[in-house]
Amino acid sequence: MHNGFEDLDLDRLQRRRSEKWRLYPPDVLPAFIAEMDYDLAEPMLAALRTAIDLSDCGYATADDLGETFAAFAAERHDWAVDPGRVHLVPDVMAGFDAILTLATEPGDGVVINPPVYPPFFKHIGFDGRRVVEVPLTRTAGRWELDFDGLEAAFAAGARAYLLCSPHNPTGRVFSAADLSRIGELAERYGVLVVADEIHASLTLPGARHTPFVSLGAAAEHGVTLASASKAFNVAGLKGAVAVAGSAASERLLARLPASCQYGAGLFGVLASVAAWSSGGDWLDALLAQLDHARTEFGRLLSERLPGALYTPPEASFLAWVDCAGLGLGPEPAQVFLDRGRVALGRGLDFGTPGDGFVRVTIGTSSALLAGIVDRMAAAVGP
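Throughout what follows, the structure given in this document is the object of discussion. Please read these numbers as outputs of a predicted model, since none were measured by experiment.

## Quick notes on helix α15 (residues 366-380)
Phase 1: With 15 residues, α15 extends 21 Å from end C-alpha to end C-alpha; this agrees with the ideal 21 Å at 1.5 Å per step.
Phase 2: Inspection of α15 places Ser366, Leu368, Leu369, Ala370, Ile372, Val373, Met376, Ala377 and Ala379 among the buried residues, and these make up the whole buried set.
Phase 3: The inward-facing, buried residues of α15 contact α1 (10-13), β1 (29-31), α13 (280-304), α14 (332-340), β13 (342-346) and β14 (357-361).
Phase 4: Residue glycine 381 follows α15 closely and has a positive phi angle near 85°.

So, in structure tokens, the structure goes:
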């Protein structure tokens, strides 16, 4: 595959000042954080350059954001969104914090599905709520929701469920049937479902993402959080949306504090509008690149690190790799860093099911993917 996504210059990447390129020394190849290496889509660059040329660096407004997101959702996900039910928030986790504060009380239980995005654990605790773990189950390398566990947690009094859909780090795209079952359980037990759908636009060929609040009972008992940050690689610009699927959930979002808008960045809003309105061609090319990357990463592992187990993700640019067969203990990421000088995501940060796993960011070129796997193999040795 030959395109701009493959033409990456490591020296140029190392001049970036984001955490990915500054946390470790220059001799470490970073693949630990959910940040792709690709250049931004030209429509976003144009929007940001125009703002800079105008010295337009004031507070954010949500002008056109609802309409633009609604059009994008209809085109990409066949999802009919009422633009009036789209609310600006700084990012997905800030939106979650605000919603949780409005909808639950201190000490209430909030369900999550480990292995899962590490900030879920921290934010629930910061908000004074209680983490209720219902781990995914693993069958033949495939990760599934535990519906008996979910019902037990809801019946025991959990008041909210933070659903990662598509799921990070496993890359699962849950079916419409699975999501409908969640909606039915939420209705039965009066549980608010906050669906983090930040990776939705990165659903890869062979899978189909269903927005949670587009489904029956789910619309009445859920809120979707979405952002251009992962698909278009602008996590640092701060702009996301909370979307209500019903009048009931809209009444909740209407109470979001003014800080949600003021905490968002104008550049985040401008980049999001440009991405959702004019970035479709770039996104299609990116999805083809990521489809290639997940296959190429699997090929490289099978050739150079055959003891590692990997199921290609159905969405996004993250690979969840089982390293138990490599004999590296419960903390393989540390071994890969110390011996191979490659920084990968620590499996145990995603919860107890992450014992022996690493998360690898594969949103990069084939050459850099080969460098990542070569360093992993060097750490294991002959």
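## A closer look at the packing of aromatic side chains
For any pair of aromatic rings, the description rests on two quantities: the centre-to-centre distance and the angle between the ring planes.
Phase 1: Going through the model one piece at a time under the given rule, you end up with 14 aromatic pairs.
Phase 2: An angle of 65° between the planes, with centres 6.0 Å apart, marks the rings of tryptophan 143 and phenylalanine 357 as edge-to-face. Here tryptophan 143 is found in strand β6 (residues 142-144), whereas its partner phenylalanine 357 is found in strand β14, with 214 residues between them in sequence.
Phase 3: Taking relative accessible area as the criterion, tryptophan 143 reaches 8% and is therefore assigned buried.
Phase 4: By relative accessible area, phenylalanine 357 is classed as buried at 4%.
Phase 5: Members of the aromatic cluster, joined through ring pairs, are Phe5, Tyr38, Phe232 and Trp282.

## Section: the sheet that holds strand β3 (residues 109-112)
Phase 1: If you walk across this open sheet you meet the 7 strands as β2-β10-β9-β8-β7-β3-β4, and the pairing is mixed. The strands lining the two open edges of the sheet, one partner per strand, are β2 (86-89) and β4 (130-133). Neighbouring strand axes in the sheet, compared pairwise and without regard to direction, differ in orientation by 25° on average.
Phase 2: Alignment of β3 against β4, held across 4 bridges, turns out to be parallel. Within the sheet, the bridge partner assigned to glycine 109 lies in β4 and is arginine 130.
Phase 3: Against the sheet, helix α7 (residues 147-155) contacts β3, β4 and β7 (160-164), and its axis sits at roughly 170° relative to β3.

## Concerning the state of the cysteines
Phase 1: Under the definition given, this model contains 0 disulfides.
Phase 2: Unpaired in this structure, cysteine 260 has its nearest cysteine sulfur neighbour in cysteine 164, at a distance of 20 Å.
Phase 3: With a relative accessible area of 5%, cysteine 260 lands in the buried category.

## Some words on helix α4 (residues 65-77)
Phase 1: With 13 residues, α4 should reach 18 Å at 1.5 Å per residue; the first-to-last C-alpha distance of 17 Å fits that figure.
Phase 2: Along α4, the residues that are buried comprise Leu65, Gly66, Thr68, Phe69, Ala70, Phe72, Ala73 and His77.
Phase 3: In this fold, the buried residues of α4 make contact with β2, β9 (222-226), β10 (240-244), α12 (266-278) and α13.
Phase 4: Immediately downstream of α4, the backbone of aspartate 78 shows phi near 50°, a positive value.

## Some points on the nonpolar core
Phase 1: Phe69, Tyr161, Ile182, Phe297, Val321, Phe336 and Val360 are the most contacted members of the largest nonpolar core, which totals 101 residues.
Phase 2: By residue number, the principal contributor to this core is α13, which donates 9 residues.
Phase 3: The residues contacting phenylalanine 69, other than those within four sequence positions of it, are Trp79, Val81, Val86, Ala226, Val241, Val243 and Trp276.

## Side note on the sheet that holds strand β12 (residues 318-322)
Backbone-to-backbone hydrogen bonds pair the strands of a sheet. The strands run either parallel or antiparallel.
Phase 1: If you walk across this open sheet you meet the 5 strands as β1-β13-β14-β12-β11, and the pairing is mixed. Sheet topology places β1 and β11 (309-310) at the edges, where each strand pairs with a single neighbour.
Phase 2: Pairing geometry for β12 and β14, over 5 bridges, is antiparallel. Its bridge partner being in β14, valine 321 is matched across the sheet by valine 358.
Phase 3: Sheet strands touched by α14: β13 and β14. Its angle to β13, the strand with the most contacts, is close to 170°.

Thresholds, definitions, all that
- Residues numbered from 1 in each chain as written.
- Predicted model: local features only at pLDDT ≥ 70, side-chain atom pairs only at ≥ 80, totals over all residues.
- Heavy atoms only, no water.
- Helix = DSSP H or I, 4+ residues; strand = E, 2+ residues; numbered from the N terminus.
- Expected span 1.5 Å × (residues − 1).
- Buried < 20%, exposed > 50% of the residue type's maximum accessible area, 1.4 Å probe, protein only.
- Contact = heavy atoms within 4.5 Å.
- Phe/Tyr/Trp six-rings, centres within 6.5 Å; stacked < 30°, edge-to-face > 60°.
- Pairing = 2+ DSSP bridges.
- Axes fitted to C-alpha atoms, helices over the stretch in contact; angles between N-to-C directions.
- Disulfide = S-S within 2.5 Å.
- Core = buried A, V, L, I, M, F, W, Y, C linked by side-chain atoms within 4.5 Å.

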